[in-house]
Amino acid sequence: MANKIIVNSSMEETRVALMESGQLAELYIERKKDASLVGNVYKGKVVKILPGMQSAFVDIGLEKAAFLHVADVYSSLDYSVFGEDIEETIPHHLPIEDLLQEGEEVMVQVSKDPLGTKGARVTSYVTFPGRYLVLMPGVEHVGISRRISNEDERVRLKELVSSLKPQNVGLIIRTASEGCTEEELKKDIDFLMLLWDNIESKKDKSKPPHLLYSDIDLAFRSVRDLLGHEVSSLIIDSEDEFNNLKEFVNTYFPKLSNKIELYEGEEPIFSAYGIELEIPKTLGKRVWLKSGGYIVIDQTEALTSIDVNTGKFVGKASLEDTLFKTNLEAVREIAYQIRLRNLGGIIIIDFIDLELEENRKKLFTAFQEATEKDRVKSTVLEVSEFGLIQMTRKRVRESLGRVLCEPCSYCEGRGFIKSPITLCYEILRELRRIGPKVKNGKVMITANPLITDLLYEDEREILETIEKADGFKTIVKADKNFHQEYYEVVRL
C-alpha cells in the first residue's frame, strides 16, 4: 500500500498525518494560536551572559528570553596574517564572554520551541531548508544526506551543486534531491538566496527585538519535508488550502503538482482514513503486543522510560527463547511509538534481561534497524549488562502527549493521589494529636465524600475509641467540592 500524507485543515488548527502502508506513522498538530517558532529568524539583543553555564539569554520579543549556548554562537574575526586579510570562524573553545557582550545585537534562529518552563533555544548558525537543498549563509561547504546511498548519484549531485553554489554560502543536499535535474536544483538555490537577501536587508533596517523571517506553516512544510519519492499523494480537505498548495507547488516544485489531491468525501478526512481512532491510543501508557506482552511508556521532564514485559506471553520453548521473542516484538513497537509520539531527549528502554550475549547483540542490531525510518536524528548505545538500551533523540518540538494534554489539575502531574484509607488514617492521627486539647469539646471534620464515607463505616469503631479516650465529640461533614487529598479538622 502506497504511503500518503493526510491533511486536516480548519480555522483553529492544522493536523498532518503520514500514513505508511495504511498505518499512522507520524502525526503533526499546529494550532493557529500556538504555532511553532522553529525556523523563525529574529534580530535580538543579548540581555544576560552566564559564564558559569557558558550561555546567554537573548531577547527576541517573546515572553521568555531565548537560550543561546556557546556551541551555537557563530562569529567571525578579521585579522591580518602575512599581509592577507583572512576571515575565520572563532573556535568553540573560546568562552562565551569573549564572543558576546550584554546589549549586543545578534541574529538568531529558533532551533527548539519553548518546552515546559524553558524558553526557546536559538542558534546563530542560520539555515534555510528548501525542497532539495539547505542553505547555510556564511559557510563554504557542500554536504549530502547519508540517506542517498547510490555512490554515483552522490558524486553527480555534489559536483552539480558545487558548480551552482554562490559565494559565501554552504549547501546541504537533501534526500529529496535524488534524481533532480540541474534546473530543479538551480531553482531551489535561487529561491533560497532570494529569501536570504530579503532577510539581510531587513536586518540592517530593523531594531531588536524584531522578527526577520517566519517559517512556512505546517501544510506547506509537509510538502517541503514529507512529500518524497516514497509518498504517492498528499490529500487535503480544505479547498482554499488545496488551491494555495497547488500554487506553491506549481511555482517551486512543478513535478509534485499531480500528487496534491482535494478530499471531497462527506465523512471527516481523519475518520475516513482511520486516524481519528488512532490518536487516543498515542496517549496511553500501556501498549499491548500481539503476543500478549506489553510495553509501558512513562514520560517525565528529564527523560522517557520504556519498560518491556512478557504479560500473557508464555512461549513454547525455553525461557531465554520466550524473553528474546518478546524483546524482538517490543523493538518494532518501541521504534514505532517513539516516532509516532515524537518522544525526544533521553530515552531509557528496559528490555527483559537476556542471558546470552549473542541474543543481546541481535537485539541491539534489530533496534538500530527499526529506528532507520525515523527522520529525526538519534544516537543509540549498546545493550547494557542490565538489559537497558540508552538513546537520545533530537527534541525540536513538544511530544504529541504534551501538545494534546496538560498536567492533571487533580494530582498536579504526579500521576497518583493518596488513597482514601491513607487520608482516613491521617485524619485519625490528627484527632489523636489535638484530642487532649479539646476535652469535653467538639471537632468538625470536613472532607471529600469518599473519605467521610470511610470514617462513618469502616473506621467508625476507631473514631469512637479516640473520642472516648479524650472525651470529645466529632462532627463529620462531607463536601463534594473538596479535593480528595484536602480535609479540614477544626476545633469548635
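Anyway, here's the lowdown on the structure attached to this text. (Residues numbered from 1 in each chain as written. Predicted model: local features only at pLDDT ≥ 70, side-chain atom pairs only at ≥ 80, totals over all residues. Heavy atoms only, no water.)

## Comments concerning the packing of helix H11 (residues 420-434) against helix H13 (residues 460-470)
At their nearest, the axes of H11 and H13 sit 10 Å apart, and the two run at 5 degrees to each other. Judged by the angle between their axes, H11 and H13 are roughly parallel. On the side of H11, the interface is formed by Leu428, Leu431 and Arg432, while H13 contributes Ile462, Leu463, Ile466 and Asp470. When grouped by side-chain class, the residues that make up the contact of H11 with H13 number 5 nonpolar, no polar and 2 charged. (Axes fitted to C-alpha atoms, helices over the stretch in contact; angles between N-to-C directions. Helix = DSSP H or I, 4+ residues; strand = E, 2+ residues; numbered from the N terminus. Parallel < 35°, antiparallel > 145°, perpendicular 65-115°, else oblique. Contact = heavy atoms within 4.5 Å. Nonpolar A, V, L, I, M, F, W, Y, C, P; charged D, E, K, R; others polar.)

## What to know about the pattern of salt bridges
Counted under the stated rule, the structure contains 26 salt bridges. For the salt bridge of Glu30 with Arg221, the shortest nitrogen-to-oxygen distance reads 3.0 Å. With Glu30 in strand E3 (residues 23-31) and Arg221 in helix H4 (residues 218-225), this pair connects stretches of sequence that are 191 residues apart. Close ionic contact of Arg414 with Glu485 constitutes a salt bridge, the shortest N to O distance being 2.6 Å. Here Arg414 is found in the loop between helix H10 (400-404) and H11, whereas its partner Glu485 is found in the loop between strand E25 (473-478) and strand E26 (487-491), with 71 residues between them in sequence. Of the residues examined, Glu485 reaches a relative accessible area of 21% and is grouped as partly exposed. Several salt bridges share partner residues, and in doing so they unite Glu20, Glu26, Arg339, Lys373 and Arg375 into one network. (Salt bridge = Lys/Arg side-chain N within 4 Å of Asp/Glu carboxyl O. Buried < 20%, exposed > 50% of the residue type's maximum accessible area, 1.4 Å probe, protein only.)

## A look at the environment of Gly345
Position of Gly345 among the secondary structure elements: in strand E21 (residues 345-350). By relative accessible area, Gly345 is classed as buried at 19%. When the C-alpha atoms of Gly345 and Ser378 are compared, they prove to be 9.2 Å apart, with 33 residues separating the residues in sequence. Apart from the residues lying within four places of it in its own chain, the contact partners of Gly345 are Met391, Thr392, Arg393 and Arg395.

## A word on a nonpolar patch on the surface
On the surface, Ile475, Val490 and Leu492 cluster together into a nonpolar patch covering about 260 Å² of accessible area. Classification of Leu492 as exposed rests on a relative accessible area of 61%. (Patch = residues over 30% accessible without salt bridge, like charges linked within 9 Å, V, L, I, M, F, W, Y side chains within 5 Å. Areas by Shrake-Rupley, 256 points an atom, 1.4 Å probe, with all protein chains shown as cover.)

## Some points on the packing of aromatic side chains
Each pair of aromatic rings is reported with the distance of its centres and the angle of its planes. The final tally for this structure, using the stated rule, is 12 aromatic pairs. Considering the side-chain rings of Phe248 and Phe253, the 5.6 Å spacing of their centres and the 85 degrees angle between planes classify their relative orientation as edge-to-face. As far as burial versus exposure is concerned, Phe248 and Phe253 are alike and both buried. Ring plane angle 80 degrees and centroid distance 6.4 Å describe the contact between Phe351 and Phe367, whose orientation is recorded as edge-to-face. Here Phe367 lies in helix H9 (residues 357-370) and Phe351 lies in the loop between E21 and H9, a separation of 16 residues in the sequence. With relative accessibility at 0%, the residue Phe367 sits in the buried group. Feature note: the residues Tyr132, Phe191, Phe220, Phe248, Tyr252 and Phe253 constitute an aromatic cluster, connected by ring pairs. Arg286 extends its terminal NZ or CZ atom over the ring of Tyr294, reaching a point 4.1 Å from the ring centre. (Phe/Tyr/Trp six-rings, centres within 6.5 Å; stacked < 30°, edge-to-face > 60°. Lys NZ or Arg CZ within 6 Å of the ring centre and 35° of its normal.)

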